[in-house]
Amino acid sequence: MVNKVSEQKDWRYAFFLGCVIPNRYPMIERSIRDVFEELGAELLDMPGASCCPAPGVFRGFHIPTWFVIAARNIAIAEDLGVSLITGCNGCYGTLRDAWWDLEHNSEEKKHVNKLLAKVGKKYTGNFEPKHVMQALYLDMGKEYVRGFIKHKFKDLKVAVHYGCHIVKPSDKRPWDGEYENPTFLDEIVELTGATSIDYKEKFMCCGAGGAVRTAVKEVAADFTREKLVNMREAGADIIINCCPFCHLQLDLGQVEVNNFYKDIIGEPFHIPVIYITQLLGVAMGMDPSRLGLVKNHNLKGVSPFIPIQPFLDIVKEQLI
Amino acid sequence: MSENIEKYIKRKVYNGTSSKIAQKFVDAGLEKLRSCINCGTCTASCPSGRRTAFRTRSALRRALAGDESVLSDIDIWLCSTCYYCYERCPRDIPVTDMIIKLRNIAVEEGYILDNHFTLAKDIFYKTGHGVPANGENNKKWRDLRESYGLPALPPTVHSYPEAVKECQFLMDEVGFKALLDNAKKLKDERMLAEEKKENEKDGK
Amino acid sequence: MTESEKKIKVTRKTRPKIGVYVCHCGINIAGVVDVYALKDYALTLPDVVLAREYKFMCSDNGQNLIKEDIEAGLINRVVVAACSPRMHEPTFRLVCKEAGLNQFLFEQANIREHATWVNMNDTEGAYQIAQDHIRMAVAKARTLLPLEVQKVSVEPSCLIIGGGIAGMNSAIDLAKEGYKVYLVERTPTIGGHMAQLDKTFPTMDCSACIITPRMVDVAREKNIELLTYSEVVDVAGYVGNFEVTIMKKPHYVDQEACTGCGACVEPCPVSVGNEFELGLAPRKAIYIPFPQAVPGEYTIDMESCIQCGICARPDVCEPDAIRYDDKPEYLKVKVGTIIIATGWDPYDPTPLKQYGYGRYPNVITAFQMERLLSSYGPVLGKPVRPSDLKAPHSIAFLQCVGSRYFREGGNKYCSRVCCMYATKQARQYKEKHPESEVYIFYIDIRAFGRGYEEFYESASENYGINYIRGRIGEVWEDKDHNIVIRAEDTLIQTPIELTVDLFILSIGLEAVADADKISSLLSVQRSEDGFFMEAHPKLRPVDTLTDGIFIAGVAQGPKDIPDTVAQAKGAASSAAALMAQGEVEIEPYYAVVLDHLCSGCRTCQSLCPFGAIDFDEFKKIAVVNSALCKGCGTCVSACPSGAMVQNHFTNIQLDSIINIAVKQPTVKNGQ
């Protein structure tokens with residue numbers, strides 16, 4: 001495996017935003033920026049970065065386009081001399097897979113660089129694209145992060161949702177081939193004192209990705225319905241995820257499920273959906289307003305779609 | 001009489017397995033498709049398959065057998081690319097990559113959903129984002145950003161118009177624009193042919 | 001052909017008269033190059049007195065061409081330009097020998113595999129290479145000298161490693177033929193895995209019933225020295241003369257004194273997992289593997305034993321057989337042949353997490369099911385499921401677990417027996433519980449043997465076993481520990497979600513865990529799949545490439561009992577053929593020390609991988625044991641004094657080939 005990892009002793013990353021985080025769930029961006037700052041990491045902006053491009057739709061339409069746009073994005077980070085991190089499984093899927101494939105296919109790499117040269121860019125592959133979870137769990141490590149925890153939950157049942165592209169394809173991921181039963185997200189969640197509960201089909205896809213949500217919303221919503229039923233049955237207080245598209249599908253999708261499938265779900269669902277750095281941040285004693293948890297506006301029809309007040313109440317109750 | 005013929009006479013018999021579609025896979029270095037033994041592990045692992053008509057194994061089988069309806073059916077677009085099939089295939093076939101390749105071939109032949117076409121042409125190509133925050137319709141999202149102390153527009157292509165042009169240039173060079181234009185052409189031709197057939201039937 | 005009376009005398013001083021025979025090999029050679037031109041080219045080479053071409057040199061007529069030329073005194077060196085020497089070198093050597101010419105005055109030029117077969121579309125290139133090969137072979141032939149084969153005696157005794165059904169069958173056959181057999185088995189009893197099976201397909205014979213008589217035969221056979229609880233720790237020597245060191249592990253129970261009464265078992269305070277029962281039942285630290293074990297004496301597993309002394313008490317062990325101070329004993333034997341019959345290990349499905357083995361209690365392997373079905377197993381033949389010890393109403397088997405798997409963590413090959421054993425177990429369970437539902441999830445059903453297809457048909461028609469064509473993707477358990485299965489019925493293209501009480505994994509067979517140790521001990525190779533490699537997959541299935549060592553049974557690859565027994569008998573026959581001859585010829589490619597050049601530095605001795613070099617303390621020079629020497633050439637290249645020479649590959653011979661290959665320019669086709 002080609003593993004040209006930059007020596008990041010002082011944790012500097014280029015922050016790849018993607019689309020959903022900055023343009024639909026900016027609270028996630030807020031929480032990532034502030035939590036990483038607290039942890040002593042520096043996040044550099046990537047000027048002119050575009051859509052990663054999304055693996056289900058755009059790779060599905062035209063693989064060569066996917067390669068060159070992905071390589072262009074990575075090249076922007078390489079220009080800054082650091083690895084990029086992303087908080088999105090989909091962007092991670094694209095950037096990491098493109099990096100991997102290009103490092104293992106010199107013909108394709110040459111071809112892509114020929115195109116990038118025309119716009120004055122160069123892709124070397126020397127900086128491995130990373131996910132926020134990779135930075136937290138592998139680069140910094142659980143013990144390091146544990147040192148920043150100031151308050152712990154006493155009784156918070158979390159349904160942890162990994163999503164798909166963060167662990168698969170497992171041969172191109174840094175988790176030693178583990179994809180049936182990963183534990184890294186549960187471990188980070190449990191640093192906060194919360195309990196990661198077991199629920200049926202914990203590792204099932206949320207349904208958004210792979211062009212499904214954009215193809216037929218109802219189909220994606222049926223995946224989500226199944227997950228929500230299982231999470232509710234297991235007694236989840238909140239859902240934690242590490243991908244904004246899963247976050248969107250579980251959040252806005254939860255409203256859609258309540259609508260499309262109201263005849264078969266019984267009570268409508270109302271489980272707050274929280275991003276991992278938001279949970280981590282409150283346990284680190286950070287002000288919720290730094291984590292995108294406080295509403296400062298009167299806008300209608302924006303995220304979060306499922307009220308997160310129940311979570312804020314638990315935070316108030318259990319964390320001093 | 002003719003209604004029964006249309007209803008019952010199908011004559012769907014295909015002529016073997018040296019298919020045009022399979023050759024495209026071989027040419028793309030995806031000849032692993034041919035080692036599929038149809039064990040069904042992929043379909044068994046598929047979260048979409050148990051709620052839709054998508055059958056992972058069948059999609060690959062139809063590709064190998066040359067059944068071109070696999071390109072025009074919506075089924076291959078209902079794969080959520082969860083990668084379980086890829087991980088569990090005992091013949092070590094990168095199944096998800098096969099589905100993606102099938103999608104590519106479908107788009108080449110002009111089979112793309114309207115939503116997806118709009119997403120590709122009017123959103124991704126135009127703005128550089130798959131989910132944009134610029135334009136009048138998206139003001140609330142920019143306001144939302146500001147409410148969290150972030151700049152209205154992120155430092156992406158949204159803040160660098162020359163970056164948008166760069167992406168568009170690359171997409172032209174790599175053939176994306178041509179692909180979409182061709183897809184539209186084929187779609188329009190098919191729609192016209194369908195309309196004509198409908199009119200003829202009504203005329204009768 | 002009879003051997004010629006007149007032997008042609010050739011020495012270093014004899015002028016070489018080389019005959020070159022170019023074979024057409026049908027169209028294999030003649031279809032690519034001009035063999036007539038090659039013949040003419042050969043005639044242009046120095047010392048070549050005649051050259052011929054023929055369609056098939058290996059045929060009787062072809063061989064006669066050579067024979068007649070030798071007998072007529074025309075030639076004293078033979079070069080055949082044809083296929084690879086691996087094919088017909090022995091054939092042509094025999095021709096020379098029978099015509100009265102020393103068989104090592106023959107050289108074969110490979111112009112098929114090395115020229116025409118690899119350059120089928122490049123006739124000019126192939127021709128040039130063929131010329132090069134002929135020229136080099138002629139150069140070597142010029143320098144060849146007569147050599148004599150060595151004859152070594154063959155000890156009329158055989159070491160058989162492994163006391164399962166294969167090892168026992170080989171042992172009995174050889175013993176009956178009058179050979180002494182050392183049967184070494186590393187567990188305390190013979191019988192192998194077959195003793196763990198309940199019934200055998202397709203006859204439904206009780207496995208123990210058919211194997212125990214064999215076990216008793218082995219114990220009774222005078223010619224068989226049965227060494228159970230023993231391991232081979234060293235093997236030296238060569239074909240016909242292997243020097244084997246066997247370690248007899250300490251039983252800590254005097255095997256002569258022990259009567260097998262079993263009184264020591266109950267009072268023993270230590271319980272550990274029972275390997276024979278595959279973890280489904282415990283055993284004590286002092287134990288016998290199963291009731292019908294042969295020998296029937298007890299053993300203490302000293303790793304688990306706490307030496308409490310209870311079993312040694314006179315009121316417990318009346319014969320006073322306990323010996324805590326027992327030590328391993330080493331036995332050195334000399335044998336002529338060795339048979340490897342080390343069997344197999346079951347595949348461990350724990351890495352396939354999607355099947356829940358090791359996580360969900362009601363997921364077991366078929367091997368464990370075998371113990372549950374066994375009348376002397378942990379549930380006396382009334383299978384129950386682990387979570388609640390109730391007889392399952394519904395059972396599902398999954399075929400090809402760990403087999404036909406082209407990823408990490410499994411084996412690519414098909415294990416050959418699983419389709420049949422699953423059908424067998426399914427049938428057995430249906431016999432005990434006719435109301436139960438039994439499913440077999442498969443990719444293919446391989447029922448290739450005699451009576452197998454009929455057995456499979458009967459399983460469907462008469463027993464109502466549900467065969468579903470679809471490999472299971474994943475399982476999980478519900479709150480009652482039932483197993484929920486997800487598969488696709490591929491024949492109707494429909495996803496299935498099925499809940500069963502018990503899920504059985506039809507695991508494959510793998511090479512034993514320490515196969516690599518055995519491999520290096522005996523210098524035998526293993527194939528890519530981990531099993532020991534036969535000399536030729538079709539024509540020599542029980543030989544290895546190491547002379548005198550044979551393989552039999554699953555050690556050579558997964559197979560059922562009939563094929564195992566057939567191979568065991570085959571290996572015994574091959575070993576007997578060798579031993580019956582009483583002596584064996586060894587090729588004379590050994591190294592020779594030039595005494596006057598040897599400085600006694602012993603570099604060669606330290607490098608020899610076969611321990612074939614001794615040091616003469618008196619003369620202070622190295623001495624090669626020609627029987628042990630395998631002609632690898634290591635010492636020859638290492639000797640700083642140039643005192644080591646290798647027969648048939650001397651420096652002069654090799655130099656002549658190299659020089660002629662590079663100096664003379666190649667001649668164009670037809671010239």
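Note that the coordinates shown come from a computational prediction; the quantities given were computed from them, not determined experimentally. (Residues numbered from 1 in each chain as written. Chains lettered and ligands numbered in written order. Predicted model: local features only at pLDDT ≥ 70, side-chain atom pairs only at ≥ 80, totals over all residues. Heavy atoms only, no water.)

### Quick look at the domain arrangement of chain A
Residue and element names in this part refer to chain A.
- Taken domain by domain, chain A consists of domain 1 (11–132) and domain 2 (149–319).
- Here the C-alpha centre of domain 2 lies 24 Å away from the C-alpha centre of domain 1.
- The interface is formed by 29 residues belonging to domain 1 together with 35 residues belonging to domain 2.
- Area buried by domain 1 at its contact with domain 2 is led by Tyr25, Met27 and Asn89, which between them contribute 24% of it. (Domains from an automatic or database assignment. Contact = heavy atoms within 4.5 Å. Buried area = accessible area lost by both parts, 1.4 Å probe.)

### Structural notes on the confidence of the model for chain A
- Per-residue confidence for chain A averages 95 on the pLDDT scale, and 97% of its residues sit at or above 70.
- In the predicted structure, residues 1–8 of chain A sits below a pLDDT of 50 and forms 23 contacts with residues beyond four places in sequence or in another chain. (pLDDT = per-residue confidence, 0-100.)

### What to know about the interface of chain B and chain C
- Taken together, the contact between chain B and chain C spans 20 residues of the former and 20 residues of the latter.
- Interface area, chain B with chain C, both sides summed: about 1,800 Å², of which 44% is carbon and sulfur.
- The interface formed by chain B and chain C includes 3 salt bridges.
- With its nearest N and O atoms 3.6 Å apart, the salt bridge here joins Arg407 of chain C to Asp92 of chain B.
- Connecting chain B to chain C are 15 residue pairs in polar contact (both at pLDDT 80 or more).
- Sorting the residues of the side of chain B that touches chain C by element identifies helix H3 (41–45), helix H4 (56–65) and helix H6 (84–88) of chain B as the ones contributing at least two each.
- For the side of chain B that touches chain C, the element with the most residues is H3 of chain B, which contributes 4 residues. (Salt bridge = Lys/Arg side-chain N within 4 Å of Asp/Glu carboxyl O. Polar contact = N/O pair within 3.5 Å; in protein donor to acceptor, adjacent residues only side chain to side chain. Helix = DSSP H or I, 4+ residues; strand = E, 2+ residues; numbered from the N terminus.)

### Structural notes on the sheet that holds strand E4 (residues 130–131) of chain A
Residue and element names in this part refer to chain A.
- Strand order in this open sheet of 4 strands is E2-E1-E3-E4, and the pairing throughout is parallel. Looking at strand neighbours, the two that pair on one side only are strand E2 (42–45) and E4, the edges of this open sheet.
- Summarising the sheet, strand E1 (residues 12–16) and E2 pair through 4 bridges and their orientation is parallel. Following the sheet pairing, Arg12 is matched in E2 by Glu42. (Pairing = 2+ DSSP bridges.)

### Structural notes on the nonpolar core
- The biggest cluster of nonpolar side chains holds 149 residues, and the ones touching the most others in it are Leu159, Leu174, Phe441, Ile485, Phe503 and Met644 of chain C.
- If one sorts the elements of this core by residue count, helix H12 (residues 561–581) of chain C sits on top with 8 residues.
- Excluding residues within four positions of it along the chain, Phe441 of chain C makes contact with Ala396, Phe397, Leu398, Gln399, Ile468, Gly470, Ile472, Ile485, Ala487, Ile496 and Leu498 of chain C.
- With 85 residues, the next largest nonpolar core counts Ala49 and Ala211 of chain A together with Cys85 and Leu180 of chain B among its residues. (Core = buried A, V, L, I, M, F, W, Y, C linked by side-chain atoms within 4.5 Å. Buried < 20%, exposed > 50% of the residue type's maximum accessible area, 1.4 Å probe, protein only.)

### Focus: the environment of Tyr83 of chain B
All names here are of chain B.
- If you trace the backbone, Tyr83 turns up in the loop between helix H5 (69–72) and H6.
- Since its relative accessible area comes to 5%, Tyr83 is described here as buried.
- It is 9.0 Å that separates the C-alpha atoms of Tyr83 and Asp97, two residues lying 14 residues apart in sequence.

### Looking at the domain arrangement of chain B
Residues and elements named next belong to chain B.
- For chain B, the assigned domains are domain 1 (3–108) and domain 2 (114–201).
- Once you take the C-alpha centre of each, domain 1 and domain 2 turn out to be 28 Å apart.
- Each side of the interface is counted separately: domain 1 has 4 residues, and domain 2 has 6 residues.
- Here domain 1 packs against domain 2, burying approximately 350 Å² in sum over the two surfaces, 64% of which is carbon and sulfur.
- Three residues, Trp77, Val107 and Glu108, lead the burial of domain 1 against domain 2; their summed loss comes to 88% of the area buried on that side.
- Counting the contacts that link domain 1 with domain 2 gives 0 salt bridges.
- Remark: the boundary between domain 1 and domain 2 carries 1 residue pair in polar contact (both at pLDDT 80 or more).

### Observations regarding the packing of helix H4 (residues 63–79) of chain A against helix H6 (residues 106–117) of chain A
Residue and element names in this part refer to chain A.
- Two elements in contact, H4 and H6, have axes separated by 10 Å at closest approach and are oriented at 70 degrees. Between H4 and H6, the interaxial angle falls into the category roughly perpendicular. Pair H4 / H6 crosses with right-handed handedness. Along the contact surface, H4 presents Phe67, Val68, Ala71 and Arg72, while H6 presents Glu108, Val112, Leu115 and Leu116.
- Among the residues making up the contact of H4 with H6, the classes are represented as 6 nonpolar, no polar and 2 charged. (Axes fitted to C-alpha atoms, helices over the stretch in contact; angles between N-to-C directions. Parallel < 35°, antiparallel > 145°, perpendicular 65-115°, else oblique. Left-handed = near helix turned anticlockwise from the far one by under 90°. Nonpolar A, V, L, I, M, F, W, Y, C, P; charged D, E, K, R; others polar.)

### A short note on the interface of chain A and chain B
- Across the boundary between the two partners, chain A contributes 75 residues, which contact 62 residues of chain B.
- Buried area between chain A and chain B, summed over both chains or domains, comes out near 5,900 Å², and the portion from carbon and sulfur atoms is 63%.
- The three residues of chain A that bury the most area against chain B are Asn23, Arg24 and Phe61 of chain A, which together make up 12% of that side's buried surface.
- For the pair chain A and chain B, the number of links is 10 salt bridges.
- If you look at where chain A meets chain B, you find 34 residue pairs in polar contact (both at pLDDT 80 or more).
- Contributing elements (two or more residues each) for the side of chain A that touches chain B: helix H1 (20–23), helix H2 (26–38), helix H3 (58–61), H4, H6, helix H10 (212–215) and helix H11 (217–233) of chain A.
- At 6 residues, H4 of chain A tops the list of elements feeding residues into the side of chain A that touches chain B.
- Among the residues making up the side of chain A that touches chain B, the classes are represented as 38 nonpolar, 18 polar and 19 charged.

### Some remarks on unusual backbone geometry
- At the junction of Lys168 of chain A and Pro169 of chain A, the peptide bond is cis and its omega measures out at -5 degrees in the coordinates.
- Its place among the elements puts Pro169 of chain A in the loop between strand E5 (157–161) and helix H9 (184–191).
- Geometrically, the link from Phe201 of chain C to Pro202 of chain C is a cis peptide bond, its omega value of -10 degrees lying close to zero.
- With respect to the helices, strands and loops of the structure, Pro202 of chain C is situated in the loop between strand E8 (199–200) and strand E9 (205–206).
- Its identity as a non-glycine residue notwithstanding, Glu201 of chain A has a phi of 55 degrees, on the positive side.
- Topologically, Glu201 of chain A is positioned in the loop between strand E6 (195–196) and H10.

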